[in-house]
Amino acid sequence: MRVRILITAAVLLAGCNERRTAPPVQTQQEADPLVRRVAYRTNYGKESVYLVQAPSNIPPHSAILVYFHGATKDESQGMQLFPLLREWVAAHGGIYVSPKDYEIDNLLKDVTSRYGDRPGYLAGAAAGGGCVYERAREAPNRFAGLFLIGPAMWVNGDRETELTHPTFLIFG
């Protein structure tokens, strides 16, 4: 399988999740003026939301990173759990998206309509990581890379699809 795998030590993961926490969701936008709540319609016609952090002047070739939360959380987890990931995306002029639902197609259409066609990276923790992995297998050439943080997933050896883009598995 042509997948680059990076397994990091607990020390690195601890660095990504330093005991710094973002404010609760209801004050997230007040605490960070670059974070907005955006509504969109899912593939199933249901209204959903995502939180987005984007610089006021987005560089023309910056990327979009979409973080999918674990099974028991919501869109706020992506803004609170790994602050260094968000800071890294911001430092590189990127756009950081944290959706409420696992639906990807209409989410990406909405984000692309607002911010243009840019390289897209998917990230996910636990169940979100499993969702990201499965979606990338269905459309292996659609994403620039994956960040799977302790993904809840299974690998079925009889599948033909290979991931051909950079994939980083983080356990700690």
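What counts as what
Residues numbered from 1 in each chain as written. Predicted model: local features only at pLDDT ≥ 70, side-chain atom pairs only at ≥ 80, totals over all residues. Heavy atoms only, no water. Helix = DSSP H or I, 4+ residues; strand = E, 2+ residues; numbered from the N terminus. Expected span 1.5 Å × (residues − 1). Buried < 20%, exposed > 50% of the residue type's maximum accessible area, 1.4 Å probe, protein only. Core = buried A, V, L, I, M, F, W, Y, C linked by side-chain atoms within 4.5 Å. Contact = heavy atoms within 4.5 Å. Polar contact = N/O pair within 3.5 Å; in protein donor to acceptor, adjacent residues only side chain to side chain. Arc of directions from axis to C-beta. Phe/Tyr/Trp six-rings, centres within 6.5 Å; stacked < 30°, edge-to-face > 60°.

All right, on to helix α6 (residues 127-138) then. With 12 residues, α6 ought to run about 16 Å at 1.5 Å a step, and its terminal C-alpha atoms sit 17 Å apart, in line with that. Buried residues dominate α6, accounting for 10 of its 12 residues. Regarding α6, the residues found buried are Gly128, Gly129, Gly130, Cys131, Val132, Tyr133, Glu134, Arg135, Ala136 and Arg137.

What follows concerns the nonpolar core. Taken as a class, soluble globular proteins show a tendency for nonpolar side chains to be buried jointly. Counting 23 residues, the largest nonpolar core has Tyr50, Val66, Val97, Leu107 and Leu122 as its most contacted members. At the level of secondary structure, the elements contributing two or more residues to this core comprise β1 (35-41), β2 (47-53), β3 (64-68), β4 (95-99), α5 (105-115), α6 and β6 (145-149). Apart from the residues lying within four places of it in its own chain, the contact partners of Tyr50 are Arg36, Arg37, Val38, Tyr40, Val97, Ser98, Pro99, Lys100, Leu107, Asp110, Val111 and Arg114. Residues Val35, Leu51, Leu65 and Leu85 belong to the second largest nonpolar core, which totals 13 residues.

Counting through the fold element by element, Asp110 comes out in helix α5. Among the polar contacts listed, one links the side chain of Asp110 to the side chain of Tyr50, at a separation of 2.6 Å.

A separate point is helix α4 (residues 83-91). Here α4 has its buried residues at Pro83, Leu85, Arg86 and Val89. Seen along its axis, α4 keeps its buried residues to an arc of 165 degrees; they face one direction. Following α4 by one or two positions, Gly93 adopts a phi angle in the positive range, close to 70 degrees.

Once that is clear, we can look at the packing of aromatic side chains. Summed over all chains, the structure comprises two aromatic pairs. Ring plane angle 55 degrees and centroid distance 5.7 Å describe the contact between Tyr40 and Tyr50, whose orientation is recorded as tilted. Taken together, the residues Tyr40 in strand β1 and Tyr50 in strand β2 connect sequence positions 10 residues apart. Accessibility expressed as a relative area gives 5% for Tyr40, which makes it buried. Judged by its relative accessible area of 0%, Tyr50 is buried. Centroid distance Tyr121 to Phe147: 6.4 Å. Interplanar angle 45 degrees. Geometry classified as tilted. Here Tyr121 is found in strand β5 (residues 120-125), whereas its partner Phe147 is found in strand β6, with 26 residues between them in sequence. Since its relative accessible area comes to 29%, Tyr121 is described here as partly exposed.

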